[in-house]
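One-letter residues, chain by chain:
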Amino acid sequence: MASTADFKNGLCLEFNHDIMTIVEFQHVKPGKGPAFVRTKLKSLTSGKVLDKTFSSGEKVITARVEKRPHQYIYNDDMGYHFMDMETFEQIPIEVKLIERPELLKEGQMVDILIHDETERPLGVELPPFVELMVTYTEPGIKGDTATNTLKPATLETGAIVMVPLFVEQDIMIKVDTRDGSYSERVK
C-alpha cells in the first residue's frame, strides 16, 4: 500500500483491475477545500492513458514490477524475441508492448518490465538513445543552410528519421528513443 504522498513518476499501481504506471502527477492545494493529487496513469497492458484525481492521503495498491535486462535477437510473425543474458531463456513479446520497435537493432540491450506475481512481460524499455547507421539519404545541397532544414534519412533498422542537411549516407547517428528524433552524429 502507498499513499498519495508516495507518488512519483514511474510508480506502478494496481488500479481498475489493471497495472498502471504514473506518467505525471501534480499535488494541488486549493485555497478552499481539501488538497488532492491530479495524475496521468498509463496502462502497462493496453497502453491507454487515463486522467485520475486522488484525494490527498488516499491509499492505493502498488504493483511489484521488475526491470530485467534482455538482449533483442530477432522478430518474426510470433513477435519480437528477447534473450535473458543470465539464463539464456528466450521470450517472445508482442509489438504493441514495445514503444518504438523500428529502433531496435539486433544484439541491443533493453529492459523488460515483468510483473512479479504473474511473471508476465508488461513492456519493453529501450535505452534513451540508440546509435544507428544511415543507409540512405538524399545528398545535402551546399549553401542551403540558412535555416534549420531537415531531410528524411533511412536507418539500418528501416526507420525513417528527419536529420539535418549535413548528415550523409554511411554515418552513425544517435537517435532519441523517446520521440524518435535525431540527436547528434556519433564521433
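Rules and cut-offs
- Residues numbered from 1 in each chain as written.
- Predicted model: local features only at pLDDT ≥ 70, side-chain atom pairs only at ≥ 80, totals over all residues.
- Heavy atoms only, no water.
- Helix = DSSP H or I, 4+ residues; strand = E, 2+ residues; numbered from the N terminus.
- Buried < 20%, exposed > 50% of the residue type's maximum accessible area, 1.4 Å probe, protein only.
- Contact = heavy atoms within 4.5 Å.
- Areas by Shrake-Rupley, 256 points an atom, 1.4 Å probe, with all protein chains shown as cover.
- Lys, Arg positive; Asp, Glu negative; His and termini not counted.
- Charge placed at Lys NZ, Arg CZ, Asp CG, Glu CD.
- Salt bridge = Lys/Arg side-chain N within 4 Å of Asp/Glu carboxyl O.
- UniProt positions renumbered as here; feature names shortened; annotations may be inferred.
- 1 Å grid on protein atoms, 1.4 Å probe; cavity = no way out; pocket = protein on both sides within 12 Å on 5 of 7 lines; lining within 4 Å.
- Points joined across faces, edges and corners; volume = space filled by probe spheres on them.
- Nonpolar A, V, L, I, M, F, W, Y, C, P; charged D, E, K, R; others polar.
- Phe/Tyr/Trp six-rings, centres within 6.5 Å; stacked < 30°, edge-to-face > 60°.
- Lys NZ or Arg CZ within 6 Å of the ring centre and 35° of its normal.

Participant: Is there a simple way to think about the overall build of the chain in this case?
Facilitator: Secondary structure assignment for the chain yields zero helices and 16 strands. Expressed as lengths along the three principal axes of its C-alpha atoms, the size of the chain is roughly 65 × 50 × 25 Å. A total of 187 residues make up the chain; the buried ones form 37% of that total. Across the chain, the fraction of contacts at a sequence separation of at least 24, relative to all contacts at a separation of at least 6, is 45%. Surface summary for the chain: the accessible area is close to 11600 Å², and the carbon and sulfur share equals 51%. Looking at the chain, you have 22 positive and 30 negative side-chain charges, and the mean spots of the two groups are 9 Å apart.

Participant: How should the pattern of salt bridges be read in this particular structure?
Facilitator: Close approach of charged atoms allows side chains with opposite charge to pair. Counted under the stated rule, the structure contains nine salt bridges. Measuring nitrogen to oxygen at the nearest pair gives 3.0 Å for the salt bridge that ties Arg68 to Glu119. In this pair, Arg68 sits in strand 7 (residues 65-76) while Glu119 sits in the loop between strand 10 (109-115) and strand 11 (121-125), placing the two residues 51 residues apart along the sequence. A relative accessible area of 47% places Glu119 in the partly exposed class. Residues joined by salt bridges that share partners form a network here, namely Glu66, Arg68 and Glu119.

Participant: Could you clarify how one ought to interpret the UniProt feature "domain: Translation elongation factor P/YeiP central" (unreviewed entry) in the chain in this entry?
Facilitator: According to UniProt, the "domain: Translation elongation factor P/YeiP central" (unreviewed entry) feature falls on residues 67-122. As a span, residues 67-122 carries 0% helix and 52% strand, and end to end its C-alpha atoms are 10 Å apart.

Participant: Can you help me understand the environment of Asp51 in this one?
Facilitator: In this fold, Asp51 is placed in strand 5 (residues 49-55). Its relative accessible area of 60% is what places Asp51 among the exposed residues. In the structure, Asp51 is positioned 48 residues away from Ser3 in sequence and 18 Å away in space, judged by C-alpha atoms. Filtering out sequence-adjacent residues up to four positions away, Asp51 remains in contact with Thr39 and Lys40.

Participant: Looking at this structure, how should I read the layout of surface pockets?
Facilitator: It is a probe the size of a water molecule, rolled over the atoms, that shows where empty space is left. Estimates place the volume of the largest pocket at around 920 Å³. Lining the largest pocket are 33 residues, with Lys42, Glu99, Leu113, Val124 and Glu125 positioned closest to its centre. Of all the secondary-structure elements, those providing two or more residues to the lining of the largest pocket are strand 3 (18-28), strand 4 (36-43), strand 7, strand 10 and strand 11. Looking at the lining of the largest pocket, the element that brings in the most residues is strand 11, giving four residues. In the lining of the largest pocket, the residues fall into 15 nonpolar, nine polar and nine charged.

Participant: Got a minute to help me understand the packing of aromatic side chains in this structure?
Facilitator: Remark: the centre distance and the inter-plane angle together describe each pair of aromatic rings, the angle taken between the planes. Taken as a whole and judged by the stated rule, the model has four aromatic pairs. Where Phe7 meets Phe54, the ring centres are 5.4 Å apart and the plane angle is 80°; that geometry is what we call edge-to-face. Placement of the pair is Phe7 in the loop between strand 1 (2-3) and strand 2 (12-15) and Phe54 in strand 5, with a sequence separation of 47 residues. With respect to class, Phe7 is no different from Phe54; both count as buried. Judged by centre distance (5.6 Å) and plane angle (55°), the ring pair of Tyr72 and Phe82 falls under tilted. Here Tyr72, found in strand 7, pairs with Phe82, found in strand 8 (residues 79-84); they are ten residues apart in sequence, far enough to count as distant. Exposure class is identical for Tyr72 and Phe82. Each is buried. Aromatic ring contacts, followed pair by pair, group Phe7, Phe15 and Phe54 into a single cluster. Lys52 extends its terminal NZ or CZ atom over the ring of Phe54, reaching a point 5.4 Å from the ring centre. We note Lys174 situated over the ring of Phe129; from NZ or CZ to the ring centre the distance is 5.9 Å.

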